[in-house]
Amino acid sequence: MKKRILITGGNGQLGNCLKKIAPDYELNYDFRFTDSSDLDITDEATVFDFFEEYKPHYCINAAAYTAVDLAEKEEEMAFSVNADAVAFLAEASKKLKTTFIHVSTDYVFDGETEISYSEDDFTHPSGVYGASKLKGENLAIELNPESIIVRTSWLYSEFNKNFVKTMLNLFSQKEELSVVADQFGQPTNANDLAEALMKIIANENKTYGIFHFSNYPETTWYEFASKIAAFSKSKMKINPISTDQFPTAAKRPRRSTMDLSKIEEKYNLEIKHWEQSLEECIGILNNSK
C-alpha cells in the first residue's frame, strides 16, 4: 500500500520542487499538494477534518508567511500562519499518528556570533518573522514530540520569487547594482531541500527533533550575487555595501551560518556546495527561456 504524503504550501518554492520530484517516488507514495484555497491551515477545525478524511502517513508543512519586512506590520498574520497553524498541524498529526515534518528558518537566530549555529544553540530572533517561526517550532515540539523540524536558509529555485530570479531580472534592467556584503549565510536550492525531505521520509529509523539543512559553506549576499552574474554570463557591475547602507524594516541576522553535521549523520545526506546547486538552477532557468 502506498504511504500518503500531505504537503501544505503546494504552490510555494518548496512545494513546487516537491511536485517536480513526486513522479520519482510515486511507486511508494501518494502525494496530496494543497494551498490555502484547498486547506486553510489557520482554521483548526478544517485542519482536523482534512486529516480525518485523507489520513496522511506524513505531513510536510511547506506553507509559511515569508514576507520578512512586511511581517513587522502584519504581526498577527505572521503568527497565525507560522505559529498557530503549525500547532494545528502538529496536533492533528499526533492524533492521526502522522509523521510531522515542519520547515523553519535560520532567522530564529540573531546572527551575533562568529561560529556556525548548532540545533541546540540559543535562539533569539531579531524580527517578527523569526519570532513567529520560532514559536511555531516550540509549539510543534510541545504538542507533538515526534515532529521533525528542518531549519533552512536563503531559499531559491526556478520557481516563484527569490533572490536568484530577482538578480537575473535586475541584470537585464540596470547597469550596476549594490548588494550587502556583511551578512553571512548559506544559500539553499529548494530542489536539494525537497530531495532531503524525501530521504527523511524514506528513512525507517527516524530521529525526531530539530535539524539544519542548507547548501554549504557560508557566503555573503554580495558573493552570492556575484556568482549569479558569473554563471549567467552577465557583465553587471556589482558593488559591495554594508547593512547600514541598505536599511530594511526588519533586522537581518549578521551571520546565521548553520552546522549541518547532525542531519548529515542521522539521515545520511550528502550536501552539495552552494555554487554547484546555483549553477544547476541557472542552467534550468536558461533552458526554460
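Before reading on, note that the structure itself is shown above.
### Comments concerning the sheet that holds strand E1 (residues 3–8)
Across the sheet, 6 strands lie side by side as E2-E1-E3-E4-E5-E10; this open sheet has parallel pairing. Looking at which strands have only one partner, the edges of the open sheet turn out to be strand E2 (29–33) and strand E10 (209–212). Across the sheet, the mean angle from the axis of one strand to that of its neighbour is 20°, orientation sign disregarded. Sheet topology note: the strand E4 (residues 99–105)/strand E5 (residues 147–152) ladder contains 6 bridges and is parallel. Directly across from Ile-101, in E5, lies its bridge partner Ile-148.

### Some words on the side chain of Ser-153
Turning to its location among the elements, Ser-153 is positioned in the loop between E5 and strand E6 (155–156). Side-chain polar atoms of Ser-153 contact the backbone oxygen of Gln-186, separated by 2.6 Å.

### Side note on helix H4 (residues 128–143)
In a regular helix each residue adds 1.5 Å, so 16 residues correspond to 22 Å; H4 covers 22 Å between its end C-alpha atoms and thus fits that length. Among the residues of H4, those classed as buried are Val-128, Tyr-129, Gly-130, Ser-132, Lys-133, Leu-134, Gly-136, Glu-137, Leu-139 and Ala-140. Packed against the buried residues of H4 are helix H3 (75–96), E4, E5 and E10.

### Remarks on the nonpolar core
Ranked by internal contacts, the top residues of the largest apolar core, which has 32 residues, are Ile-5, Leu-197 and Met-198. When residues of this core are traced back to their parent elements, those giving at least two are E1, helix H1 (13–25), E2, strand E3 (58–61), E4, E5, helix H6 (190–202) and helix H8 (261–267). Residue contributions to this core peak at 8 residues, all from H6. In contact with Leu-197, not counting residues within four places along its chain, are Leu-14, Ile-60, Ile-101, Val-103 and Val-150.

Cut-offs applied
Residues numbered from 1 in each chain as written. Predicted model: local features only at pLDDT ≥ 70, side-chain atom pairs only at ≥ 80, totals over all residues. Heavy atoms only, no water. Pairing = 2+ DSSP bridges. Helix = DSSP H or I, 4+ residues; strand = E, 2+ residues; numbered from the N terminus. Axes fitted to C-alpha atoms, helices over the stretch in contact; angles between N-to-C directions. Polar contact = N/O pair within 3.5 Å; in protein donor to acceptor, adjacent residues only side chain to side chain. Expected span 1.5 Å × (residues − 1). Buried < 20%, exposed > 50% of the residue type's maximum accessible area, 1.4 Å probe, protein only. Contact = heavy atoms within 4.5 Å. Core = buried A, V, L, I, M, F, W, Y, C linked by side-chain atoms within 4.5 Å.

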